[in-house]
Amino acid sequence: MKDQIVIADALHGEVRIHAACTTSLVEEARQHHHCMPTSIAALGRTMTVTAIMASDLKNQNERVQAVLNGKGPIGTVLAQADGAGNVKGFAANPNVYIVREDGHLAVGQGIGTNGTLTVTRDMGLKEPFTGTSALQSGEVGDDFAYYFAISEQVPSVVGVGVLVSQEGSVKASGGLIYQLLPKAGEEAIEYCEKVAKTQKPVSELIDEGKDLDEIIQMYFPDANILARRDVRFHCGCSKEHFMDSLVTLHDNDLKEMIEDGKGAEIVCQYCNTTYNFTVEELKEILERKHCVENR
């Protein structure tokens, strides 16, 4: 199944549903960051929910960013997605592999619960909207559900998972989010509560070969498909981008790197790509900086 998000409504338009397959983009993130299983499960879950949130954006340049930091061994987990379906992210410590007693990856223990989930929506306005909520379990799905209820006042069920093979690669990754709309009645509320108690992990359903339409209709037979959005791992970094960043450094910092004679090395935190700048390039950057300042 290709990476995609399917958007639907059900129960006479009282429930909004998003189902996502993110297997390829999460596997690509794992390869870029050389992630161990618990780290990629945490990052993949966060990237999946962030991609789903961004699928409702109207403009391709609008963005959603989610940051979890529960003081666990994984440290900060950050994901960013835009309205064009581009998703990227990183886990501060990609080398975490913790397993619970039941054999499942201990994502909650890896992320921790002594911290917050912060979501920033950049809609191209003067100031982006930022909402923050306390982490509930570190399992990501619970934490986003609590965020939606507290910060956006939208009752939500968030199911998200990453299935990792014995070799460490991502076998399946996806998410299912259904949210009650303002006009939802008691029957819709009770129905969603019933579904939440019986639904299987989305990653397992994807691994079994079920497509997103099937997954939605398993739980909401009357679902009406509204839209489909392709998603992909895409960083968008470049040497030119980091050159612009170097221009903002203080003169003394640039001169120190030039005098050191080793040039500069910058590693993109989102995709782990390394960019090298020679001493001559640093001299050009310093000269460019002076030209801009003297205009």
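Everything below is about the structure shown above.
Conventions adopted
- Residues numbered from 1 in each chain as written.
- Predicted model: local features only at pLDDT ≥ 70, side-chain atom pairs only at ≥ 80, totals over all residues.
- Heavy atoms only, no water.
- Phe/Tyr/Trp six-rings, centres within 6.5 Å; stacked < 30°, edge-to-face > 60°.
- Helix = DSSP H or I, 4+ residues; strand = E, 2+ residues; numbered from the N terminus.
- Buried < 20%, exposed > 50% of the residue type's maximum accessible area, 1.4 Å probe, protein only.
- Lys NZ or Arg CZ within 6 Å of the ring centre and 35° of its normal.
- Pairing = 2+ DSSP bridges.
- Axes fitted to C-alpha atoms, helices over the stretch in contact; angles between N-to-C directions.
- Contact = heavy atoms within 4.5 Å.
- 1 Å grid on protein atoms, 1.4 Å probe; cavity = no way out; pocket = protein on both sides within 12 Å on 5 of 7 lines; lining within 4 Å.
- Points joined across faces, edges and corners; volume = space filled by probe spheres on them.
- Nonpolar A, V, L, I, M, F, W, Y, C, P; charged D, E, K, R; others polar.
- Core = buried A, V, L, I, M, F, W, Y, C linked by side-chain atoms within 4.5 Å.

Enquirer: With reference to specific residues and values, describe the packing of aromatic side chains.
Expert: What describes a pair of aromatic rings is the distance from one ring centre to the other and the angle between the planes of the rings. This structure, assessed with the given rule, holds 6 aromatic pairs. Here the aromatic rings of F144 and F148 are separated by 6.5 Å at their centres, their planes lie at 40 degrees, and the arrangement is tilted. In this pair, F144 and F148 both sit in helix α4 (residues 141–151), 4 residues apart, roughly one turn of the helix. The pair F144 / F148 is uniform in exposure class, with both members buried. Taking the centre distance of 5.2 Å and the plane angle of 70 degrees together, the rings of Y178 and F220 count as edge-to-face. In this pair, Y178 is assigned in strand β9 (residues 170–180) and F220 in the loop between α7 (212–219) and β10 (224–230), connecting sequence segments 42 residues apart. A single burial state applies to Y178 and to F220, both of which are buried. Between K88 and the ring centre of Y270, over which it is positioned, the NZ or CZ distance is 4.3 Å. When the ring centre of F277 is taken as reference, the NZ or CZ atom of K239 above it lies at 5.1 Å.

Enquirer: Before we move on, could you go through the sheet that holds strand β1 (residues 4–10) and cite the residues and values that matter?
Expert: On the basis of which strands lie adjacent, the open sheet formed by 5 strands has the order β8-β9-β2-β1-β10 and antiparallel pairing. Only two strands of the sheet have a single partner each, and these edge strands are β8 (156–164) and β10. Between one strand axis and the next, the sheet turns through 10 degrees on average, direction left out of account. Inspection of the sheet shows strand β2 (residues 15–21) paired to β9 by 7 bridges, in the antiparallel sense. In the sheet register, V15 faces β9, and the bridge partner there is L180. With respect to the sheet, helix α1 (residues 23–33) is in contact with β2, β8 and β9, its orientation differing from that of β9 by roughly 125 degrees.

Enquirer: Which residues make up the layout of surface pockets, and what values go with them?
Expert: Looking at the largest pocket, its volume works out to about 760 Å³. Along the wall of the largest pocket there are 30 residues; nearest its centre are R45, H104, V160, G161 and P201. Looking at the lining of the largest pocket, the elements that each hand over two or more residues are α2 (37–54), α4, β8 and α6 (202–207). Of all the elements, β8 adds the most residues to the lining of the largest pocket, at 8 residues. A class-by-class count of the residues in the lining of the largest pocket yields 14 nonpolar, 9 polar and 7 charged. Considering only enclosed or pocket space, the second largest pocket measures out at about 300 Å³ in volume. Lining the second largest pocket are 16 residues, and of these H18, D56, R121, E152 and Q179 sit closest to its centre. Every element with two or more residues in the lining of the second largest pocket is listed here: β2, α2 and β9. The biggest single contributor to the lining of the second largest pocket is β9, with 3 residues.

Enquirer: Tell me about the nonpolar core, and please be specific about residues and values.
Expert: It is characteristic of soluble globular proteins that their nonpolar side chains tend to be buried jointly. By size, the foremost hydrophobic cluster in this structure holds 70 residues, and its most contacted members are I111, F144 and F277. The leading source of residues in this core is α2, at 10 residues. Not counting chain neighbours up to four residues away, the residues in contact with F277 comprise K239, F242, M243, L246, G263, A264, I266, L282 and I285. With 24 residues, the next largest nonpolar core counts A10, A172, I215 and A223 among its residues.

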